[in-house]
Amino acid sequence: MTASDAGSLSRRAWLLSDRPASRLQAKLGRAYVAWRRFSANRLALVGMLIIIALLVVAAFADVLAPYSPTVGDLKNARLLPPGAAHWFGTDDLGRDIYSRIVYGARWTLYVVILVAIIAAPIGLLVGTIAGYAGGWTDTILMRITDIFLAFPKLVLALAFVAALGPGIENAVLAIAITSWPPYARIARAETLTVRNSDYIKAVQLMGASPFRIVLRHIMPLCISSLIIRVTLDMAGIILTAAGLGFLGLGAQPPLPEWGAMIASGRRFILDQWWVAAAPGAAILIVSLGFNLLGDGLRDALDPRSGDQ
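A.B. asks: Can you help me understand the overall build of the protein chain in this one?
C.D. replies: Looking only at helices and strands, the protein chain features 12 helices and zero strands. Helices (α) and strands (β) of the protein chain occur, in sequence order from the N terminus, as α-α-α-α-α-α-α-α-α-α-α-α. The dimensions of the protein chain, computed from C-alpha atoms along their principal axes, are 75 × 65 × 25 Å. Residue pairs at least 24 apart in sequence account for 70% of intrachain contacts in the protein chain once pairs closer than 6 positions are excluded. Carbon and sulfur atoms provide 66% of the accessible area of the protein chain, an area that totals close to 16,300 Å². Looking at the protein chain, you have 27 positive and 19 negative side-chain charges, and the mean spots of the two groups are 7 Å apart.

Here it is as structure tokens:
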């Protein structure tokens, strides 16, 4: 056995110790176990690679895109098929579709990140307050949640966008408003399982206020379940944003948003299929990546899963 192998085994034993000597060791040990579970799932690794590729494409769009996403050559490059000059062809305005898809990755990340930042905290706050307070507070908050859940997400988002007006910002706000109820349900269920535990009772006896108990002791317990649900919902958020863009209520021209690109290409679907097929394939691949990543995170962060 080489010195590097011995060092690796020593680090592994330190991470998997049943009696960690510090909080840092305990946290690193839990992270190591979660990574082992995650990396054992090949499809989850594929999903992670797809999302990493999306992040890289969005970050380096200026370098990866050979043409402008908004300016085209209407005279010489209108509806060209895929080739060496234009890998994914051109659209009806002579714009390079590959460049528009690359820049569209930024708008896709813009939508999913903002929706997650807005919707997840709202759902977490509503769910934990309802679960811990109980009584009329729980009843009122959950009935409001049920009202939002009674409508299909896309239909409700359409109603909000129609009221707010078309645009990418209003689309983000509308999707966020319709996305928080499932998070509230998950947070409430997690809160109900721990609010009467000895751990919470001990904190109450120490004089902690309900606000502090919810904020410091209950919300952190709900984070892992919420992260899994948010990751799984990313595909639905992308599809909803693409649906709004397809209907002309999301991103407005000339923004290279994938749903709007499909809408502009539907007129040429029979003869110039690449105009709509390329952004559709991008939506499919990214949505698949988020679903595979979410499934892997669900298995990795499940405390009931044994070490593999």
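We are not done yet, so read on.
A.B. asks: Help me understand the packing of aromatic side chains in this model?
C.D. replies: We describe a pair of aromatic rings using the distance from one ring centre to the other and the angle between the two ring planes. Taken as a whole and assessed by the stated rule, the structure comprises six aromatic pairs. Summarising the aromatic geometry, the rings of Phe88 and Tyr98 are spaced 5.5 Å apart at their centres and angled 85 degrees between planes, so their arrangement reads as edge-to-face. Of this pair, Phe88 sits in the loop between helix H4 (61–64) and helix H5 (97–133) while Tyr98 sits in helix H5; the two residues are 10 residues apart in sequence, bridging distant segments of the chain. Feature note: the residues Trp87, Phe88 and Tyr98 constitute an aromatic cluster, connected by ring pairs.

A.B. asks: I'm lost on unusual backbone geometry in this one. Help?
C.D. replies: Most of the time, phi is negative for any residue but glycine, and the peptide bond is trans. Of note, the bond from Pro253 into Pro254 is cis; its omega dihedral lies within 30 degrees of zero at 5 degrees. Topologically, Pro254 is positioned in the loop between helix H10 (210–246) and helix H11 (258–265). The backbone of Leu79 shows a phi angle near 55 degrees, a positive value even though the residue is not glycine. Relative to the elements of secondary structure, Leu79 occurs in the loop between H4 and H5.

A.B. asks: What's the story with the nonpolar core in this structure? I'm lost.
C.D. replies: In summary, soluble globular proteins display a tendency toward joint burial of nonpolar side chains. Val111, Val115 and Trp258 are the most contacted members of the largest nonpolar core, which has 63 residues in total. Counting only elements with at least two residues in this core, the list comes to helix H3 (42–59), H5, helix H7 (153–164), helix H8 (168–194), helix H9 (198–205), H10, H11 and helix H12 (274–300). Those residues within four positions of Trp258 in sequence are excluded, and the remaining contacts are Leu54, Arg100, Ile101, Gly104, Ala105, Thr108, Pro279, Ala282, Ile283 and Val286. With five residues, the next largest nonpolar core counts Ala61, Ala65, Val102 and Tyr103 among its residues.

A.B. asks: Explain the pattern of salt bridges to me, please; I cannot follow it from the model alone.
C.D. replies: Working definition: two side chains of opposite charge can pair if their charged atoms are close together. For the structure on display, the rule yields nine salt bridges. The partner of Asp91 in a salt bridge is Arg95, and the shortest N-O contact between them spans 2.9 Å. In this pair, the class of Asp91 matches that of Arg95, namely buried. Between Asp91 and Arg100 there is a salt bridge, and its shortest N-O distance comes to 3.9 Å. Asp91 sits in the buried class, given a relative accessible area of 3%. Using a relative accessible area of 5% as the deciding quantity, one classes Arg100 as buried. Salt bridges linked by common partners bring Asp91, Arg95 and Arg100 together as one network.

A.B. asks: In this structure, what is going on with the environment of Ser287? I would like to understand it.
C.D. replies: Mapping Ser287 onto the fold places it in helix H12. For Ser287, a relative accessible area of 8% puts it in the buried group. A sequence separation of 17 residues divides Ser287 from Leu270, and the C-alpha atoms of the two residues are 25 Å apart. Leaving out residues up to four positions away in the same chain, Ser287 has contacts with Ala235, Ile238 and Leu239.

The rules behind the values
- Residues numbered from 1 in each chain as written.
- Predicted model: local features only at pLDDT ≥ 70, side-chain atom pairs only at ≥ 80, totals over all residues.
- Heavy atoms only, no water.
- Helix = DSSP H or I, 4+ residues; strand = E, 2+ residues; numbered from the N terminus.
- Contact = heavy atoms within 4.5 Å.
- Areas by Shrake-Rupley, 256 points an atom, 1.4 Å probe, with all protein chains shown as cover.
- Lys, Arg positive; Asp, Glu negative; His and termini not counted.
- Charge placed at Lys NZ, Arg CZ, Asp CG, Glu CD.
- Phe/Tyr/Trp six-rings, centres within 6.5 Å; stacked < 30°, edge-to-face > 60°.
- Core = buried A, V, L, I, M, F, W, Y, C linked by side-chain atoms within 4.5 Å.
- Buried < 20%, exposed > 50% of the residue type's maximum accessible area, 1.4 Å probe, protein only.
- Salt bridge = Lys/Arg side-chain N within 4 Å of Asp/Glu carboxyl O.

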